[in-house]
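For reference, the chains in residue letters:
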Amino acid sequence: MKKKNGFIAVSLIYSFFLLFLMIMLASATKSTQNRQLLKVFKDDLQEQLNKEEFITTTLENRTYVISEEISFADETWQVIEDKGNSVVLILKRSLSQEEITSALGTNASNATYFAGTCNNSECRVKMCLNGYNSAYCFYENTTSYNYYTWNNSIAKMVLERWFEQNVYLQQICRYQYDETLKDRICKKDTLIRMTFSDGTKNHQSYIRLATNNEAIRKDAWINSGSNSWTLTLSSRTNGKSNLFSLNGVSYTNENTLTLRPVIEVRKN
């Protein structure tokens, strides 16, 4: 009986010892995994910090030359105008298919927004949709083509959503709601809320297209995207809006052109 009890005691001790070893092994394994995860997290964070350290979010207080290329908010921009205390910039490239699709959201599957080639290097969109569609531009009746109005244009919707989805521009802006203006404004004053005209009425926004008045100067920055829409309405003929591209060619709202955002940045 004593031998049996002794065997049971030894077995229990051995079992507890094995359990202890298993617990220690599991703890060591988990600790190793946690250290590896922590290292990956720290490496990713350091990489992001190193990247952001070299991203320009302010403009040096100096004189800028028209068409000069500058880096701002992780993008290359070209100078449209140096206004003394601020600089008007246009994105050197046009918006890609991925960016426009993201801005359009659920509407992106609608092929009527696009025509011709649309890829990551160049994507052309319509300014308005034809037919009876009150959501995009202005309509006269059920049969006429849509007239151009900036407030209801596809271009305005895409640009404003691209601005809201741009991580670095939003870090610079930091939107807050203004009760007086009944609109969102940037908490920081680095980005300027521009006042501009589409040829019909004045508008205010942090992002827009180049105006026709800016384009007719034929500055070198136009060559980076001459097949892009400008903002100004020319005239209406047979129910169609006549609009201009950056190179001065007249189009109707049935045509498709690229989009190049314009912003105004206060000098540091």
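For clarity, every value in this text was computed on a predicted model and none was experimentally measured.

Trainee: Just to check I follow, could you spell out the state of the cysteines for this structure?
Mentor: Throughout this description, disulfide means a covalent bond between two cysteine sulfur atoms. One pass over the structure, following the stated rule, counts one disulfide. Disulfide pairing places Cys173 opposite Cys186 at an S-S distance of 2.0 Å. Residues Cys173 and Cys186 are joined by a disulfide whose S-S torsion is about -100°; by sign, that bridge is left-handed. In this pair, Cys173 sits in helix H4 (residues 167–173) while Cys186 sits in strand S7 (residues 183–186), placing the two residues 13 residues apart along the sequence. Both residues of the pair, Cys173 and Cys186, count as buried.

Trainee: Looking at this structure, I do not really get the environment of Met127. What am I missing?
Mentor: Residue placement: Met127 occurs in the loop between strand S5 (123–126) and helix H3 (154–165). Met127 sits in the buried class, given a relative accessible area of 0%. Each C-alpha atom, one on Met127 and one on Asn253, is 5.5 Å from the other, the two residues being 126 residues apart in sequence. If sequence neighbours within four positions are ignored, Met127 has contacts with Cys137, Tyr148, Ser153, Ile154, Ala155, Leu209, Trp229, Thr230, Leu243, Asn253 and Asn255.

Trainee: Which parts of the structure should I look at to understand the nonpolar core?
Mentor: Side chains of nonpolar character tend, in soluble globular proteins, to be buried together. The biggest cluster of nonpolar side chains holds 50 residues, and the ones touching the most others in it are Phe72, Leu89, Leu191, Leu209, Leu259 and Ile263. Examining the composition of this core, we find that seven residues originate from one element, H3, more than from any other. Residue contacts for Phe72: discarding those within four places in its chain leaves Thr56, Thr57, Thr58, Leu59, Trp77, Leu169, Ile172, Thr190, Leu191, Ile263 and Val265. In terms of nonpolar packing, the next biggest core, distinct from the first, is built from nine residues, Ile80, Ile90, Ala210 and Val262 among them.

Trainee: Would you explain helix H2 (residues 97–104) in this entry?
Mentor: Along an α-helix, residues three or four positions apart point the same way, because every turn accommodates 3.6 residues. Looking at H2, one finds that the buried residues are Glu99, Ile100, Ala103 and Leu104. Down the axis of H2, the smallest arc covering the buried residues is 130°, so these residues share one side. Gly105 sits one or two positions beyond H2 and adopts a positive phi of about 65°.

Trainee: Honestly, the pairing of strand S8 (residues 194–197) in this entry has me stumped. Any pointers?
Mentor: On a regular strand, each side chain points to the face opposite its neighbour's, so the side chains alternate between the two faces of the sheet. Only one face of S8 is covered, namely the face carrying Met194 and Phe196; the face carrying Thr195 and Ser197 is uncovered. Where S8 lies against strand S9 (residues 202–205), four bridges are found, and the strand directions are antiparallel. Paired with Thr195 across the two strands is Gln204, which belongs to S9. Remark: four residues form the turn of the hairpin made by S8 and S9, two consecutive strands paired antiparallel; Gly199 in that turn has positive phi of roughly 95°.

The rules behind the values
- Residues numbered from 1 in each chain as written.
- Predicted model: local features only at pLDDT ≥ 70, side-chain atom pairs only at ≥ 80, totals over all residues.
- Heavy atoms only, no water.
- Disulfide = S-S within 2.5 Å.
- Helix = DSSP H or I, 4+ residues; strand = E, 2+ residues; numbered from the N terminus.
- Buried < 20%, exposed > 50% of the residue type's maximum accessible area, 1.4 Å probe, protein only.
- Contact = heavy atoms within 4.5 Å.
- Core = buried A, V, L, I, M, F, W, Y, C linked by side-chain atoms within 4.5 Å.
- Arc of directions from axis to C-beta.
- Pairing = 2+ DSSP bridges.

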